[in-house]
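# Residue-level structure breakdown
Each chain, written out:
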Amino acid sequence: MSQGAGPAGTTEFREYQWAYSIMDSSRVSTCLISMLLIVYGSFRSLNMEQEAREREQKKRQSDSLNNLITGEPVSIEQNKFATLDTMHALCLPLGASISLLVMFFFFDSMQMLFAVCTAIIATVALAFLLLPMCQYIIRPCSDGNGNRISFGVCGRFTSAELFSFSLALSIVCIWVLTGHWLLMDAMGMGLCVAFIAFVRLPSLKVSTLLLTGLLLYDVFWVFFSSYIFSTNVMVKVATRPADNPVGLVARKLNIGMVKEPPKLNLPGKLVFPSLHNSGHFSMLGLGDIVMPGLLLCFVLRYDAYKKSQGTLVDAGVPVPKGVGSRLTYFHCSLLGYFLGLLTATVSSEIFKAAQPALLYLVPFTLLPLLTMAYLKGDLRRMWSEPFIAQQSSKQLEV
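The following refers to the structure shown. Computed from a prediction, not measured in an experiment: that's the story for all the values here.

Here the focus is the overall build of the protein chain. Looking only at helices and strands, one finds 15 helices and six strands in the protein chain. In the protein chain, once contacts between residues fewer than 6 apart in sequence are set aside, the share between residues at least 24 apart is 76%. Here the protein chain displays about 23,000 Å² of accessible surface, and carbon together with sulfur accounts for 65% of that area.

As structure tokens, then:
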């Protein structure tokens, strides 16, 4: 804005100030990073599943040969992914509410435990996030055989895995000493990607139950908790800093420190400060990335499964050829997530208050997906058993 703007220009700026706030660097960064995390986590999950399937096929072939020689039964590799069922989907909002209340009432007495557990989990998740980069860096120096180094009961690890863990541990240690928001965001990104990559939603039914329950959970604790607890419990817990473990240990051992270590904001959210407005920042909870991200990971796996099965012609109501026929469920859901995040941002600017992001993200991602699945004739299949071949399902019906 020019310095010579008159009263009319000032009035116009105030009238459209909410539009300028939406395009603030902190808002744009939050939107872009959250979408990138969902896309990366979903494709990382799909790639891990394909690699596990290839390993299982090779193992079955080798075990079959051994079975012919020794007569032993064929062993099948156990699934390393955590799959949520209907009971998990119904109980997760209740468990999240209990955890929120525990952190609200007992945070002061348990903040050391929260900080240490968060640092440990974030280290492992961040190592998982950094692993592909470390593999790329170490590849020219390695022999290409993927030799693993044994650490006794801890397991066997490749040099890339050890490098990524060392790098992640260094980042977490620097975060403990400095409390810098960028390192906290890096830890939060690792948690998001790891959760999306390792947790599975088996069907659209479980996805709908989970997201609907979490929507009610988010709305209650943001809008109505203040009437019961005289404060916004969700915002209070999300923005409450914890005492630094280094400072607590130093005081307990009577060790003098030159500088008091800073309080730590636990990585339960992504925080992006504004480049133009000092003191202003945008915040998005990790659950607002992970939970819709699980849905997008599910539809990405379904798109890949349909492609591998060769179901190029959809059953049910025919979809006109063109842009609509090339639109996958993943593209539809990702566009809905962007529109939901944009709507949540506009609402927070208009009402000047914290908004439950899932109130906007769930309808914008779930409803277009359900509509598209109905029009393409996939709704019944995606609702119950999406990853069973159509031929086998038709034989069961007969």
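Residue alternation in strand β6 (residues 281-285) divides its side chains into a buried set, Ser282 and Leu284, and an unburied set, Phe281, Met283 and Gly285. Where strand β5 (residues 269-273) lies against β6, five bridges are found, and the strand directions are antiparallel. Bridging from a neighbouring strand, Val271 pairs with Met283 of β6.

Once that is clear, we can look at the nonpolar core. By size, the foremost hydrophobic cluster in this structure holds 86 residues, and its most contacted members are Trp175, Leu210, Ile289, Tyr329, Tyr337 and Met382. Element by element, the count of residues in this core is highest for helix α4 (residues 86-138), at 15 residues. Apart from the residues lying within four places of it in its own chain, the contact partners of Met382 are Ser203, Leu204, Lys205, Phe298, Val299, Tyr302, Tyr329, Leu369 and Ala373.

Scanning the model with the defined rule gives seven salt bridges in all. A salt bridge links Arg240 to Asp108; the shortest N-O distance between them is 3.3 Å. On the criterion of sequence distance, the pair formed by Arg240 in the loop between α8 (233-238) and α9 (245-252) and Asp108 in helix α4 is long-range, its members being 132 residues apart. Asp378 is the salt-bridge partner of Lys306, the closest N and O atoms lying 2.8 Å from each other. Taken together, the positions of Lys306 in helix α10 (residues 287-309) and Asp378 in the loop between α13 (358-375) and α14 (379-384) put the pair 72 residues apart, joining distant regions of the chain. Asp378 sits in the buried class, given a relative accessible area of 3%. Counted as one network, the salt bridges with shared partners bring together Glu49, Arg53, Arg200 and Arg301.

A word on a nonpolar patch on the surface. Together, Met112, Val116, Ile120, Ile121, Val249, Leu253 and Ile255 make up an exposed nonpolar region whose accessible area comes to about 620 Å². Using a relative accessible area of 31% as the deciding quantity, one classes Met112 as partly exposed.

A few words on unusual backbone geometry. Despite not being glycine, Ser230 shows a phi value in the positive range, around 65 degrees. In this fold, Ser230 is placed in the loop between α7 (204-229) and α8. On the basis of relative accessibility, which here comes to 69%, the residue Ser230 falls in the exposed class.

A few words now on the side chain of Ser45. For Ser45, the position within the fold is in helix α3 (residues 25-70). Ignoring sequence-local partners within four residues, the contact set of Ser45 consists of Ile196, Ala197, Arg200 and Cys297.

The next point concerns the packing of aromatic side chains. All told, the structure shown has 14 aromatic pairs when counted by the stated rule. For the pair Phe43 and Phe330, a centre-to-centre distance of 5.8 Å together with 85 degrees between the ring planes defines the contact as edge-to-face. One end of the pair, Phe43, is in helix α3; the other, Phe330, is in helix α12 (residues 329-351), and 287 residues separate them in sequence. On the basis of relative accessibility, which here comes to 5%, the residue Phe330 falls in the buried class. Ring centres of Phe128 and Phe198 lie 4.9 Å apart, and the angle between their planes is 55 degrees; this geometry places the pair in the tilted category.

What counts as what
Residues numbered from 1 in each chain as written. Predicted model: local features only at pLDDT ≥ 70, side-chain atom pairs only at ≥ 80, totals over all residues. Heavy atoms only, no water. Helix = DSSP H or I, 4+ residues; strand = E, 2+ residues; numbered from the N terminus. Contact = heavy atoms within 4.5 Å. Areas by Shrake-Rupley, 256 points an atom, 1.4 Å probe, with all protein chains shown as cover. Buried < 20%, exposed > 50% of the residue type's maximum accessible area, 1.4 Å probe, protein only. Pairing = 2+ DSSP bridges. Core = buried A, V, L, I, M, F, W, Y, C linked by side-chain atoms within 4.5 Å. Salt bridge = Lys/Arg side-chain N within 4 Å of Asp/Glu carboxyl O. Patch = residues over 30% accessible without salt bridge, like charges linked within 9 Å, V, L, I, M, F, W, Y side chains within 5 Å. Phe/Tyr/Trp six-rings, centres within 6.5 Å; stacked < 30°, edge-to-face > 60°.

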